[in-house]
Amino acid sequence: MAGLLDALAQRDTATLRSVAMAPYAISAAADGDPVCDFCGATGPLAYYEVNEFGITGPGDSYLSGDRFYACPRCRELVDASDWKGLRNWIGPSSSSMGHRMLLVGFKKHRKGDAVEFEPGTNPETNR
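Residues numbered from 1 in each chain as written. Predicted model: local features only at pLDDT ≥ 70, side-chain atom pairs only at ≥ 80, totals over all residues. Heavy atoms only, no water.

Side note on helix α3 (residues 83–90)
And step 1. Listed as buried for α3 are Trp83, Gly85, Leu86 and Ile90. Down the axis of α3, the buried set is contained in an arc of 155°. They therefore lie on one face. Along α3, exposed side chains directed more than 90 degrees from the buried face belong to Lys84 and Asn88.
And step 2. In this structure, the buried residues of α3 make contact with α2 (72–79) and α4 (97–109).
And step 3. In the segment just after α3, Gly91 is the residue with positive phi, at about 100°. (Buried < 20%, exposed > 50% of the residue type's maximum accessible area, 1.4 Å probe, protein only. Helix = DSSP H or I, 4+ residues; strand = E, 2+ residues; numbered from the N terminus. Arc of directions from axis to C-beta. Contact = heavy atoms within 4.5 Å.)

What follows is the structure in structure tokens.
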């Protein structure tokens, strides 16, 4: 998610300068493997299903997707509803407006418990 937030900041800066940015994909993982949508770590082991929601910012809006991936530490904090601990774990980027909007949207639109998957697999394959 950190990569997404950086991209949003770059897009907003470009918009203020009246420059259009071409869309591009962001991933810290190889071959498009999922990353933790909370802290950006590679190797998530679970995801949460959500009702897709939109976030609107200056000049554009984005859809959340229907899954939020979680690394072991973020999953532990989400399952405990330790939102302050999650923000502390994520670090300074958690105080940005975009990140706060994502966390609020996640809490509001989450469908249930985490769905685990095997390490090294990609649940997005053949979806």
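Structural notes on the sheet that holds strand β5 (residues 115–116)
And step 1. Ordered in space as β4-β1-β5, the 3 strands form an open sheet in which the pairing is antiparallel. This sheet does not close on itself; its edge strands, each paired only once, are β4 (67–70) and β5.
And step 2. With 4 bridges connecting them, strand β1 (residues 46–49) and β4 associate as antiparallel partners. Looking at β4, one finds that Tyr48 is bridged to Phe68. (Pairing = 2+ DSSP bridges.)

What to know about the packing of α2 against α3
Two measures define how a pair of helices packs: the angle their axes make with one another and the distance between the axes.
And step 1. Where α2 meets α3, the axes come as close as 8 Å, and the angle between the chain directions of the two elements is 155°. If you check the angle between α2 and α3, you find them roughly antiparallel. Every pair of crossing elements has a handedness; the one defined by α2 and α3 is left-handed. Side by side, α2 and α3 meet where Arg73, Cys74, Leu77 and Val78 of the first sit next to Trp83, Gly85, Leu86 and Trp89 of the second.
And step 2. Its residues assigned to classes, the contact of α2 with α3 shows 6 nonpolar, 1 polar and 1 charged. (Axes fitted to C-alpha atoms, helices over the stretch in contact; angles between N-to-C directions. Parallel < 35°, antiparallel > 145°, perpendicular 65-115°, else oblique. Left-handed = near helix turned anticlockwise from the far one by under 90°. Nonpolar A, V, L, I, M, F, W, Y, C, P; charged D, E, K, R; others polar.)

Considerations on the environment of Pro123
And step 1. With respect to the element layout, Pro123 can be found in the segment after β5.
And step 2. Setting aside residues no more than four positions away along its own chain, Pro123 makes contact with Pro34, Tyr47, Arg67, Tyr69 and Phe117.

Considering the packing of α3 against α4
And step 1. Between α3 and α4, the least distance of the axes is 13 Å, while the angle of their chain directions is 145°. Classified by chirality, the crossing of α4 by α3 is right-handed. Taking contact as the criterion, the partners of Trp83, Leu86, Arg87 and Ile90 in α3 are, on α4, His99, Leu103, Phe106 and Lys107.
And step 2. For the contact of α3 with α4, the per-class residue count stands at 5 nonpolar, 1 polar and 2 charged.

Describing the pattern of salt bridges
Between side chains of opposite charge, a pair can form when the charged atoms approach closely.
And step 1. In total, this model carries 4 salt bridges according to the counting rule given.
And step 2. A salt bridge links Arg67 to Glu124, with the nearest nitrogen and oxygen atoms 3.2 Å apart. One end of the pair, Arg67, is in strand β4; the other, Glu124, is in the segment after β5, with 57 residues separating them in the sequence.
And step 3. Arg67 sits in the buried class, given a relative accessible area of 14%.
And step 4. The partner of Glu76 in a salt bridge is Arg73, and the shortest N-O contact between them spans 2.7 Å. One end of the pair, Glu76, and the other, Arg73, are both in helix α2, 3 residues apart, so they sit about a helical turn from each other.
And step 5. On the basis of relative accessible area, Arg73 is assigned to the partly exposed category, the value being 32%.
And step 6. Salt bridges here are not isolated pairs; linked through shared partners, they connect Arg75, Asp79 and Glu116. (Salt bridge = Lys/Arg side-chain N within 4 Å of Asp/Glu carboxyl O.)

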